[in-house]
Amino acid sequence: TLKDNMENKISLELDTQNRVEIYFHGATLTSWICDNEEKIFLSSKSVFDNKKAIRGGIPIVFPNFGPWEKGPQHGFARIKKWTIKDSPRKIDDTLRVVLSLKDDEETRALWNHKFELEYQVILGVKSLKTNLIVKNTGSEEFDFTALLHTYFKVDDIGKVSVENFKGLNYIDKVKNGANEIEKREAITIDQETDRIYASTQNTLFINTGNEILTLDKNNLPDTVVWNPWIEKSKQMSDFDDEDFKRMICVEAGKVSSRTILKPDEQVAMTQTLKI
Ligand code: BG6
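About the criteria used
Residues numbered from 1 in each chain as written. Predicted model: local features only at pLDDT ≥ 70, side-chain atom pairs only at ≥ 80, totals over all residues. Heavy atoms only, no water. UniProt positions renumbered as here; feature names shortened; annotations may be inferred. 1 Å grid on protein atoms, 1.4 Å probe; cavity = no way out; pocket = protein on both sides within 12 Å on 5 of 7 lines; lining within 4 Å. Helix = DSSP H or I, 4+ residues; strand = E, 2+ residues; numbered from the N terminus. Contact = heavy atoms within 4.5 Å. Buried < 20%, exposed > 50% of the residue type's maximum accessible area, 1.4 Å probe, protein only. Polar contact = N/O pair within 3.5 Å; in protein donor to acceptor, adjacent residues only side chain to side chain. Points joined across faces, edges and corners; volume = space filled by probe spheres on them. Nonpolar A, V, L, I, M, F, W, Y, C, P; charged D, E, K, R; others polar. Pairing = 2+ DSSP bridges. Near = heavy atom within 4 Å. Areas by Shrake-Rupley, 256 points an atom, 1.4 Å probe, with all protein chains shown as cover. Phe/Tyr/Trp six-rings, centres within 6.5 Å; stacked < 30°, edge-to-face > 60°. Patch = residues over 30% accessible without salt bridge, like charges linked within 9 Å, V, L, I, M, F, W, Y side chains within 5 Å. Salt bridge = Lys/Arg side-chain N within 4 Å of Asp/Glu carboxyl O. Lys, Arg positive; Asp, Glu negative; His and termini not counted. Charge placed at Lys NZ, Arg CZ, Asp CG, Glu CD. pLDDT = per-residue confidence, 0-100.

### Examining the UniProt feature "active site" (unreviewed entry) in the protein
At step 1: UniProt records the feature "active site" (unreviewed entry) at His149 and Glu251, using the numbering of this structure. Spatially, the listed residues are clustered: although they cover 103 residues, their C-alpha atoms lie within 4.7 Å of one another. Cross-referencing the annotated residues with the lining of the largest pocket gives His149 and Glu251.
At step 2: Inspection of the secondary structure assignment puts His149 in the loop between strand E11 (142-148) and strand E12 (151-153).
At step 3: With residues near it in sequence (within four places) discarded, His149 still touches Gly57, Ile58, Pro59, Val61, His74, Trp226, Cys249 and Glu251.
At step 4: Relative to the assigned elements, Glu251 resides in strand E21 (residues 247-261).
At step 5: You can call Glu251 buried: its relative accessible area is 1%.
At step 6: Residue contacts for Glu251: discarding those within four places in its chain leaves Phe65, Leu147, Leu148, His149, Thr150, Asp222, Thr223, Val224 and Trp226.
At step 7: A distance of 3.4 Å separates polar atoms of two side chains, one belonging to Glu251 and the other to His149.

Structural data, given as structure tokens:
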């Protein structure tokens, strides 16, 4: 049931139909084979140089969502090398691995705080749970925003809808951060979309056109919906011009306000995907 522990990534195989792959670079989960089908988008042009963020999968955004005055956009967690904290093991009907990232000279040079991130990936039959735990291991408080930047694989963006957003406030990044209210029953994508929905339901439905994926989230109050559409796709060197048709990012996050963590405190944020 456990698979190899290669240099750059780790694979978990619960059975032949349910598998995941996670790169140590960014702890980016790049593949989730669920009931024998890939559910996660990974760009064929993604660069795997252990420097640039992987384009696709589930990059981990920490300690800052979006442009950051202290460092790279979306923080450093997605471009650091993580280590295994607890090797893959069977727990009941699931397979779990725990990865970890701690502060080092490079992170402290940008953001002078002591922390540990623990990332538990729990693979079940037709389910994938990712639990991100932030711990303050220093003697001073810090604040952060965090998000699981999940790229879902779809066959045709024109058939995709994301449900459970009606009546919610959102910030429209495509319209210079305008505050809007969602009026639609379901979000569909026919243009560049980059929105931060605040205080979304804990259960969201992603209708890929073929099936409905359920995203259950805990302590991740906000949801970013992103699709670069035609022009932005052309501008991204690690993304195919046509890739916008094959993906949608639905990103569960804690981004509307900064979370403050005092010394010795920790906070867990969890996402569970199911078909
Ligand atoms: C989304 C942001 O979360 O990530 C977008 O809301 C951004 O504004 C997108 O373009 C991709 O970011 P990056 O840094 O991976 O190109």
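Structure's up, so let's keep going.
### Let's talk about the layout of surface pockets
At step 1: Reported here for the largest pocket is a volume of approximately 350 Å³.
At step 2: Split into classes, the residues belonging to the lining of the largest pocket amount to 6 nonpolar, 3 polar and 7 charged.

### Details of the sheet that holds strand E13 (residues 161-163)
Within a sheet, each strand pairs with its neighbour through backbone hydrogen bonds, oriented either parallel or antiparallel.
At step 1: Here 9 strands make up an open sheet; going across it, the order is E7-E8-E9-E10-E22-E19-E18-E13-E16 and the pairing antiparallel. Each having just a single partner strand, strand E7 (83-91) and strand E16 (186-187) make up the two edges of the open sheet.
At step 2: Examined bridge by bridge, E13 and E16 share 2 bridges and lie antiparallel to one another. Paired with Glu163 across the two strands is Ala186, which belongs to E16.

### Remarks on the site of the ligand
At step 1: Taken together, Arg55, Phe65, Gln73, His74, Arg78, His149, Lys173, Asp194, Val224, Trp226 and Glu251 make up the full set of residues adjacent to the ligand.
At step 2: Measuring from an oxygen atom of the ligand, one finds a side-chain N or O atom of His74 at 3.1 Å.
At step 3: Asp194 places a side-chain nitrogen or oxygen 2.5 Å from an oxygen atom of the ligand.
At step 4: For the ligand, whose accessible area on its own is 390 Å², the fraction buried by protein is 84%.

### What to know about the environment of Pro63
At step 1: As for its placement among the helices and strands, Pro63 is situated in the loop between strand E6 (60-61) and E7.
At step 2: If near-sequence neighbours (up to four positions away) are discounted, Pro63 is found in contact with Trp68, Gly75, Phe76, Trp111, Phe144, Thr145 and Arg258.

### Thoughts on the packing of aromatic side chains
At step 1: Taken as a whole and assessed by the stated rule, the structure comprises 18 aromatic pairs.
At step 2: Arranged with centres 4.8 Å apart and planes meeting at 65°, the rings of Phe165 and Tyr197 form a pair that is edge-to-face. Separated by 32 residues along the polypeptide, Phe165 in the loop between E13 and strand E14 (169-172) and Tyr197 in strand E17 (residues 193-197) bring together distant segments of the chain. Each member of the pair, Phe165 as well as Tyr197, carries the same accessibility label: buried.
At step 3: Here a set of aromatic residues connected by ring pairs shows up, and it is made of Phe62, Trp68, Phe76, Trp111, Phe115, Phe142 and Phe144.

### Description of the UniProt feature "binding site: substrate" (unreviewed entry) in the protein
At step 1: With numbering aligned to this structure, UniProt lists the feature "binding site: substrate" (unreviewed entry) at Arg55, Gln73 and Arg78. The greatest C-alpha distance among the residues just named is 13.6 Å, despite their covering 24 residues of sequence, which places them together in space. As for the annotated residues, the ones lining the largest pocket are Arg55, Gln73 and Arg78.
At step 2: Here Gln73 shows up in the loop between E6 and E7.
At step 3: Following the sequence through the fold, Arg78 ends up in the loop between E6 and E7.
At step 4: Taking relative accessible area as the criterion, Arg78 reaches 15% and is therefore assigned buried.
At step 5: Excluding anything up to four places from it in sequence, Arg78 contacts His25, Gly26, Thr28, Ala53, Pro59, Ile60 and Gln73.

### Digging into a negative patch on the surface
At step 1: There is a patch of like negative charges on the surface, built from Glu140, Glu141, Asp264 and Glu265.
At step 2: Summarising the element assignment, Glu265 is placed in the loop between E21 and strand E22 (266-274).
At step 3: For Glu265, a relative accessible area of 34% corresponds to the partly exposed category.

### Some thoughts on the pairing of strand E15 (residues 178-181)
At step 1: In the sheet, E14 pairs with E15 via 4 bridges, with the strands oriented antiparallel. Along E15, the bridge assignment pairs Asn169 with Ile181.
At step 2: Between E14 and E15, which pair antiparallel and follow one another directly, the connecting turn spans 5 residues, one of which, Asn176, has a positive phi of 55°.

### A word on the confidence of the model for the protein
At step 1: Mean pLDDT over the protein works out to 96, with 98% of the residues at or above the 70 mark.
At step 2: Considering only residues more than four positions removed or in separate chains, one finds that residues 1-5, a stretch of pLDDT under 50, has 13 contacts.

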